[in-house]
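# Report on the structure
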Amino acid sequence: MTVTIEVGYCPFCRRTRNLRREERHLGGLMRTTIECESCHRVLSSTIGPPAPPPPPAEPERQPEQQPQPEPEPEPEPAPKPAARRRTPAAAAKAPKTRAKAPTRKKAGA
């Protein structure tokens, strides 16, 4: 029997909790149960063939270092044009306030 503790989400607690994973060998099959350690509810229970053992780790080879070409400097971006301002003549033509909505005449006056 193999027992491991993982951090995971428990939908019953609605929070991240420690989850307990138990793997039991039953002949040629493996029974896996996942339980929340806080509320002790079973979140998953499966029976299936055991997972194949991981392949032996091979020592990583260092890749041969090749000279890296120097990156070309990026050209300077063109300066942005200045924001347009209203000329005094255009400002004089623009209305100062909005037009008022028509008012209703009082009935019975």
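Residues numbered from 1 in each chain as written. Predicted model: local features only at pLDDT ≥ 70, side-chain atom pairs only at ≥ 80, totals over all residues. Heavy atoms only, no water.

## Quick word on the overall build of the chain
As a reminder, the rule being used: Secondary structure counts use DSSP, requiring at least four H or I residues in a row for a helix and at least two E residues in a row for a strand, with both numbered from the N terminus. Throughout, exposure labels follow a simple rule: accessible area from a 1.4 Å probe, protein chains only, divided by the maximum for the residue type, with under 20% read as buried, over 50% as exposed, and the rest as partly exposed. Any two residues whose heavy atoms approach within 4.5 Å at even a single point are treated as in contact. For accessible areas, the Shrake-Rupley method is used with a probe of radius 1.4 Å. Any residue's cover is judged against the shown protein chains and nothing else.
Within the chain, the regular secondary structure consists of one helix and four strands. Along the chain, helices and strands appear, N-terminal first, in the series β-β-β-β-α. By residue count, 10% of the 109 residues in the chain fall in the buried class. Residue pairs in contact within the chain that sit at least 24 positions apart in sequence constitute 14% of those at least 6 positions apart. Of the roughly 11300 Å² that the chain leaves accessible, carbon and sulfur atoms contribute 53%.

## Digging into the nonpolar core
For the record, the criterion: What we call a nonpolar core is a set of buried Ala, Val, Leu, Ile, Met, Phe, Trp, Tyr and Cys residues that are connected through their side-chain atoms within 4.5 Å.
In terms of nonpolar packing, the biggest core is built from five residues, these being Cys 10, Cys 13, Leu 19, Ile 34 and Cys 36. Non-local contacts of Cys 10, meaning those with residues more than four positions away in its chain, are made with Arg 15, Arg 17, Cys 36, Cys 39 and Leu 43.

## With respect to the state of the cysteines
Put simply, the test is: Criterion for a disulfide: a pair of cysteine sulfur atoms within 2.5 Å.
Tallied over the full model, the rule gives zero disulfides. Note on Cys 10: no disulfide assigned, nearest cysteine sulfur contributed by Cys 13 at a separation of 3.7 Å. Cys 10 sits in the buried class, given a relative accessible area of 0%.

## Observations concerning the sheet that holds strand S1 (residues 2–10)
The following threshold applies: Whether two strands pair comes down to DSSP finding at least two bridges between them. The axes are straight lines fitted to the C-alpha atoms, using for helices just the contacting stretch, and the angles between their N-to-C directions are given from 0 to 180°.
The four strands lie next to each other as S1-S2-S3-S4, forming an open sheet whose pairing is antiparallel. Of all the strands in the sheet, just S1 and strand S4 (42–48) have a single pairing partner and so form its edges. In this sheet, neighbouring strand axes are inclined to one another by 20 degrees on average, regardless of whether the strands run parallel or antiparallel. As defined by bridge partners, strand S2 (residues 15–26) adjoins strand S3 (residues 29–36) across eight bridges and the pair is classed as antiparallel. Following the sheet pairing, Arg 21 is matched in S3 by Ile 34.

## What about the confidence of the model for the chain?
Note the threshold: Each residue gets a pLDDT score, which is the predictor's confidence in that residue and runs from 0 to 100.
Of all residues in the chain, 70% attain a pLDDT of 70 or more, and the chain-wide mean is 79. The secondary-structure element of the chain with the lowest mean pLDDT is helix H1 (residues 88–93), recorded at 61, while S3 shows the highest, at 93.

## A few points about a nonpolar patch on the surface
Condition: For patches, a residue must show more than 30% relative accessible area and have no salt bridge; joins then use 9 Å for like charges and 5 Å for nonpolar side chains, namely Val, Leu, Ile, Met, Phe, Trp and Tyr. The salt bridge definition used is simple: a Lys or Arg side-chain nitrogen within 4 Å of an Asp or Glu carboxyl oxygen.
Residues Met 1, Val 3 and Ile 5 make up a contiguous nonpolar surface patch of about 300 Å² in total accessible area. On the secondary structure map, Met 1 appears in the segment before S1.

## Details of the environment of Arg 31
Of note, Arg 31 is situated in strand S3. Separated by 30 residues in sequence, Arg 31 and Met 1 have C-alpha atoms that sit 9.5 Å apart. Beyond its immediate stretch of four places on either side in the chain, Arg 31 contacts Glu 22, Glu 23, Arg 24, Leu 26, Ser 45, Thr 46 and Ile 47.

## Some thoughts on the side chain of Thr 33
Residue position: Thr 33 is located in strand S3. In this view, Thr 33 contacts Arg 20, Arg 21, Glu 22, Ser 44 and Ser 45; residues no more than four positions away in its chain are not counted.

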